[in-house]
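# Structural characterization, general
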Amino acid sequence: GETLERGAGDSEDIAIVTMQVLKAAGWNPRDLYISIGRERKVGTHIVLLARAPSGFYVLDDRANRAMTPQEHARFTPILTLSEGKSWIHGRRRYAGAARVSAR
């Protein structure tokens with residue numbers, strides 16, 4: 001409510017308001033995801049992901065339109081949350097078994 005009253009907010013506020021608007025417009029809540037990550041040159045950032053029949057779209061308060069993940073490649077997700085589910089994103093730093101060293 002505060003974000004709507006002020007007409008402004010940080011990326012988290014805008015993502016949550018956008019999610020609520022899409023739910024009210026009839027989007028299935030299971031197709032909406034809040035993603036927390038890093039954006040080059042910005043640092044920590046939060047976006048809304050929306051799954052449509054044609055694929056996923058990134059809704060970013062810093063962009064003037066919905067984009068595909070490929071178009072929004074400067075964002076690297078770390079944690080994504082949805083109705084009752086969460087995902088931690090990462091990448092393997094090296095292949096093979098864990099290395100142990102002693103000094």
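For clarity, every value in this text was computed on a predicted model and none was experimentally measured.

## Topic: the pairing of strand S3 (residues 55–59)
The pairing of strand S2 (residues 43–52) with S3 spans 5 bridges and is antiparallel. Across the sheet, the residue bridging to Arg51 is Phe56, located in S3. In sequence, S2 turns back onto S3 through a hairpin of 2 residues.

## Considering the sheet that holds S2
The strand order across the open sheet formed by 5 strands is S3-S2-S1-S4-S5, and the pairing between neighbours is antiparallel. Whereas interior strands pair on both sides, the edge strands pair on one side only; in this sheet they are S3 and strand S5 (85–88). Recorded for the sheet is a direction-independent mean angle of 30° between the axes of neighbouring strands. Bridge count for strand S1 (residues 32–39) against S2 is 8 bridges, and the pairing is antiparallel. When the bridges of S2 are listed, Ile36 appears paired with Ile46. Where helix H2 (residues 11–24) meets the sheet, it contacts S1, S2 and S3, and its direction lies at approximately 10° from that of S2.

## Describing the packing of aromatic side chains
This model, assessed by the stated rule, comprises 2 aromatic pairs. Their ring planes at 55° and their centres at 5.7 Å tell us that Tyr33 and Phe56 sit as a pair that is tilted. Here Phe56 lies in strand S3 and Tyr33 lies in strand S1, a separation of 23 residues in the sequence. With relative accessibility at 8%, the residue Tyr33 sits in the buried group. Phe56 gets classed as partly exposed once you look at its relative accessible area, which sits at 35%. Connected via pairs of aromatic rings, a cluster forms that spans Tyr33, Phe56 and Trp87.

## Regarding the side chain of Asp60
Tracing the chain through its elements places Asp60 in the loop between S3 and strand S4 (75–82). The charged side chain of Asp60 is buried without a salt bridge, its nearest counter-charge being Arg74 at 4.2 Å. In this structure the side chain of Asp60 is engaged in a polar contact, spanning 2.8 Å, whose partner is the side chain of His45. For Asp60, the side chain forms a polar contact with the side chain of His72, separated by 2.6 Å. Each residue touching Asp60, except ones within four places of it in the same chain, is listed here: Glu39, His45, Val47, His72 and Arg74.

## Some thoughts on the nonpolar core
Membership of the largest hydrophobic core is limited to 8 residues, which are Ala15, Met19, Leu22, Leu32, Ile34, Ile46, Leu48 and Ala50. Once residues within four sequence positions are removed from consideration, Met19 is found in contact with Leu32, Tyr33, Ile34 and Leu48. Among the nonpolar cores identified, the runner-up in size contains 5 residues, and Tyr33, Val47, Leu49 and Phe75 belong to it.

What counts and what doesn't
- Numbering of residues starts from 1 in every chain and runs along the sequence as written.
- Given that this is a predicted model, residues contribute local features only at a pLDDT of at least 70 and side-chain atom pairs are listed and counted only at 80 or more, while totals for whole chains, interfaces and linings are drawn from all residues.
- To get the side-chain values, take all heavy atoms of the structure and skip hydrogens and water.
- Note: two strands are recorded as paired if DSSP finds a minimum of 2 bridges between them.
- Secondary structure elements are defined from DSSP: runs of H or I of at least 4 residues count as helices, runs of E of at least 2 residues count as strands, and each element is numbered from the N terminus.
- Here, axes are lines fitted to C-alpha atoms. For helices the fit covers the stretch in contact, and angles between N-to-C directions go from 0 to 180 degrees.
- Contact definition: two residues touch when any of their heavy atoms are within 4.5 Å.
- Aromatic contacts are taken between Phe, Tyr and Trp rings whose centres are within 6.5 Å, Trp giving its six-membered ring; a plane angle under 30 degrees counts as stacked, one over 60 as edge-to-face, and the others as tilted.
- Remark: exposure states derive from per-residue accessible area (1.4 Å probe, protein chains only) relative to the maximum for the residue type, with buried under 20%, exposed over 50%, and partly exposed in between.
- Only four residue types enter the charge count, namely Lys and Arg as positive and Asp and Glu as negative; His and the chain termini do not.
- For salt bridges, the criterion is a side-chain nitrogen of Lys or Arg within 4 Å of an Asp or Glu carboxyl oxygen.
- Definition of a polar contact: a pair of N or O atoms within 3.5 Å, with one able to donate and the other able to accept a hydrogen when the atoms are protein atoms, and with sequence-neighbouring residues admitted only if both atoms are side-chain atoms.
- By nonpolar core is meant a set of buried Ala, Val, Leu, Ile, Met, Phe, Trp, Tyr and Cys residues that side-chain atoms within 4.5 Å join together.

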